[in-house]
Amino acid sequence: MSENKLTGAEIVIKALKDQGVDVIFGYPGGAVLPIYDALFKQNDLRHILVRHEQAAVHAAEGYARSTGKVGAVLVTSGPGATNAVTGLTDALMDSIPIVCLTGQVPTHLIGNDAFQEADTTGITRPCTKHNYLVKDVNNLARTMHEGFYVARSGRPGPVVIDIPKDVQFAEGTYVPPGEVKHKTYRPQVKPDLSLVEQAVELIANAKRPIFYTGGGVINSGPMASKLLTQFVRMTGYPCTNTLMGLGAYPASDRQFLGMLGMHGTYEANLAMHGCDVMINIGARFDDRVTGKLSAFSPDSKKIHVDIDPSSINKNVRVDIPIVGDCAHVLEDMIRIWKARQKRPDQVALKQWWAQIEEWRGRDCLRYVKTDPIIKPQYALERLRELTRKHDTYITTEVGQHQMWAAQFIPFEEPNRWMTSGGLGTMGYGLPAAIGTQIAHPDSLVVDISGEASFMMNMQEMATAVQYNLPVKILILNNQYMGMVRQWQELLHGSRYSQSYSEALPDFVKLAEAFGGVGLRATKVSEVDDVLNQMIDIRRPVIVDMCVDQKENCFPMIPGGRAHNEILLGPADQMGEETRAGEATPEEGMVLV
Amino acid sequence: METTIEKHTISVLVDNEPGVLARVIGLFSGRGYNIESLTVAEVDAEQKVSRITIVTSGTRMIIEQIKNQLDRLVPVHRVRDLTDEGPHIERELALIKVAGTGDRRIESLRIADIFKARVVDATLSSFVFEMTGSAAELDDFIGLMRQLGLVDVSRTGVAAISKGAASL
């Protein structure tokens, strides 16, 4: 090898290290063998071998979300890349910074239908923030650094870098990160101050305000959560978080109303509906949050802070649009608030809080406790109590258990909660837990799961066992795809088409077959003991928590309905709820 | 919710790199936006910059979305809404083949003269006309030719530029 020249594979490794990557999640194959060979020859960069490429991306997402760093993935061409597509789409929808390296057939074979060839950049174009095909080894280092810059800047997202095998073998020049500057991509992080000033005036003069904050606050970094908490407390206003935003504001605080949206709390949704000033920070008016758009918070002036201009006025027209990074905007808001010595209208605020407390008094998360049948909510309440003193990270799969987790597990700080929000990817939780555990080896990482979701990526138990990762998989096993069953019950005349989990494995034996530990609870009296064992065992554990098969997740705003048409559960004695199916308008039925 | 459909001409400067047009087109198809016409060519060989002109239609909210979504693409340098930003010129070029003999052939030539379309190919039984103008003028000419033996049309789509001294 000539001097100062590296092979493409070596350039990849060097660039990863220079970008601060210490772990990469991947799966080898023919088109990435040179990179795997270069990995073999060094010890700084750790490779975690997953069992399916989708899981590699989810694991990197878990790593990224729990650390705030960029997650790195390495997969082969063709099926390796296509398997990664679900993970990439998930990361795009939830704005998670990922750099995914894919092998490609040698450049002279591209377009030839070669073995394990797929048009990776074509396939991943709509499911990445940006992607690259590197055809010249001398562009490789620059592209790697640019890819990391794009993934983490502005609204974060996944980036694919497709590297043909001949480029991995070829020799080229390495350039360090400092010398690489993107030609044009400069997202706006500092807001237009005049708009922030207008926003502060509107906030200060509000009578019925609410902070509605989302994943943008988490993505902005821990400082944004601190500033948010500071600002919300300065104002004395109520605050609700989206599913993605949980942890940005401490759940134990009286000003916190819980999550909002389809399965959000009664008080959060009614406060959103009835507010006169809505302060949206880093949320995107997602359809799970807004419900029926034409009836969404009809009487409010809306402030929207977002780093992505295309999120503004996409679904909901706002009065004060502020493009910028949440931490920057919050800092400016606090500074201007202090400088102008703002003090909210205390009389109005007192009335507003009285109204909110009345809503909160409905105790919307109440459920009918049973014995010996375990209610899923009860299992999570016990998990909450028994993990209180632990350094805990929670991941979830997708479905009822996910919504119950969001309702019943409180988060006091950001980066503790990893869930698939936008895409709603079943099978996300276990690999995400693995990625989280890799980043936080001594912490307690629990994947709150359903039996159906778990089986979508259960092969990753082998990864957990291989790397001795003590992840805990808490399966709330109701033998149904619970959310599908719930919708079928409420909207399709209880015709449970294909939603029963037939032929389930014995999860205890399954855990043992993988070399982990299996535990089971079938009655209330066993719950604490099983959860305590789960927490204490320093090995991968699957808990088969056999819960009530027919429990539904409430509150619920059915599709096509407004926030104030929220349905409460059977434990609520007020008796004014209607069944979702009876009153769901036709246009609501087509919504998902 | 406003429902008035507006037609806008949008100019986009992009890096002339592989896949950039696919990104723009994919954005429109993936999000369900309309493309009435789209033209693209490199305008700065040294900087490798191409200019895309898109004519699209939608509600005001959709048009704003389209511009923001375009601006969000990493290789996009600049997005300008010529319709919003004031006076601009729009031109389209078409090649129009008309076949026929006798009176119809003579009539097509007379009309071409009125529309200032140029004959760029002639045989004893056909003409190819080249015409430049607004999309509406081309529509009018092609409509008349349809009755006189139109056999083929090739149109470039709209190219547009703002009036006055300012650059994009």
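Reading guide: rules and limits
- Residues numbered from 1 in each chain as written.
- Chains lettered and ligands numbered in written order.
- Predicted model: local features only at pLDDT ≥ 70, side-chain atom pairs only at ≥ 80, totals over all residues.
- Heavy atoms only, no water.
- UniProt positions renumbered as here; feature names shortened; annotations may be inferred.
- Helix = DSSP H or I, 4+ residues; strand = E, 2+ residues; numbered from the N terminus.
- Rg over C-alpha atoms; globule rule 2.2 N^0.38 Å.
- Buried < 20%, exposed > 50% of the residue type's maximum accessible area, 1.4 Å probe, protein only.
- Contact = heavy atoms within 4.5 Å.
- Areas by Shrake-Rupley, 256 points an atom, 1.4 Å probe, with all protein chains shown as cover.
- Lys, Arg positive; Asp, Glu negative; His and termini not counted.
- Charge placed at Lys NZ, Arg CZ, Asp CG, Glu CD.
- Pairing = 2+ DSSP bridges.
- Axes fitted to C-alpha atoms, helices over the stretch in contact; angles between N-to-C directions.
- Parallel < 35°, antiparallel > 145°, perpendicular 65-115°, else oblique.
- Left-handed = near helix turned anticlockwise from the far one by under 90°.
- Nonpolar A, V, L, I, M, F, W, Y, C, P; charged D, E, K, R; others polar.
- Buried area = accessible area lost by both parts, 1.4 Å probe.
- Salt bridge = Lys/Arg side-chain N within 4 Å of Asp/Glu carboxyl O.

Looking at an unreviewed UniProt entry, chain B carries the name Acetolactate synthase small subunit, with the source organism given as Skermanella aerolata. According to its UniProt record, chain B has this under Subunit (unreviewed entry): "Dimer of large and small chains."

Chain A carries the name Acetolactate synthase in an unreviewed UniProt entry, which gives Skermanella aerolata as its organism. Taken directly from UniProt, the Catalytic activity (unreviewed entry) text for chain A runs: "2 pyruvate + H(+) = (2S)-2-acetolactate + CO2". Reading the Sequence similarities (unreviewed entry) entry of the UniProt record for chain A gives the comment "Belongs to the TPP enzyme family."

Enquirer: Pulling in residues and values, what's your account of the overall build of chain A?
Expert: Looking only at helices and strands, chain A has 24 helices and 20 strands in total. Here the C-alpha atoms of chain A give a radius of gyration of 25 Å, agreeing with the 25 Å that 2.2 N^0.38 yields for 592 residues. Along the first, second and third principal axes, the C-alpha atoms of chain A reach 75 × 60 × 45 Å. When burial is assessed residue by residue, chain A has 62% of its 592 residues classed as buried. Sequence-distant contacts in chain A: of pairs separated by 6 or more residues, those separated by 24 or more amount to 76%. Per element, the accessible surface of chain A, about 22,300 Å² overall, is 51% carbon and sulfur. For chain A, the distance from the average site of its 58 positive side-chain charges to the average site of its 67 negative ones is 4 Å.

Enquirer: Summarise the UniProt feature "domain: ACT" (unreviewed entry) in chain B; cite the residues concerned and give the values.
Expert: What UniProt calls "domain: ACT" (unreviewed entry) maps, in this numbering, to residues 9-84 of chain B. The span residues 9-84 of chain B carries 33% helix and 41% strand; its end-to-end C-alpha distance comes to 9 Å.

Enquirer: Let's hear about the sheet that holds strand β10 (residues 239-241) of chain A: which residues, and what values?
Expert: Residues and elements named next belong to chain A. Pairing within the open sheet is parallel, and its 6 strands lie in the order β11-β10-β9-β12-β13-β14. The strands lining the two open edges of the sheet, one partner per strand, are β11 (256-259) and β14 (320-323). Across this sheet, the average inter-strand angle for adjacent strands is 15 degrees, counted without regard to direction. The pairing of strand β9 (residues 209-213) with strand β12 (residues 277-281) spans 5 bridges and is classified as parallel.

Enquirer: Summarise the packing of helix α1 (residues 8-18) of chain A against helix α6 (residues 140-152) of chain A; cite the residues concerned and give the values.
Expert: All names here are of chain A. Running from N to C, α1 and α6 point in directions that differ by 30 degrees, and their axes come no closer than 9 Å. The orientation of α1 relative to α6 falls into the category roughly parallel. Seen from above, α1 lies across α6 with right-handed handedness. Where α1 approaches α6, its residues G8, I11, V12, A15, L16 and D18 are matched on the opposing element by L140, A141, M144, H145 and F148. Of the residues contributing to the contact of α1 with α6, the split by class is 8 nonpolar, 2 polar and 1 charged.

Enquirer: Summarise the interface of chain A and chain B; cite the residues concerned and give the values.
Expert: Residue-level contacts link 19 residues of chain A with 17 residues of chain B. With both chains or domains summed, chain A and chain B bury close to 1,500 Å², and 52% of this area falls on carbon and sulfur atoms. In this structure, the connection of chain A to chain B is made through 2 salt bridges. Notably, a salt bridge pairs A:K183 with B:D15, separated by 3.0 Å at the nearest N-O pair.

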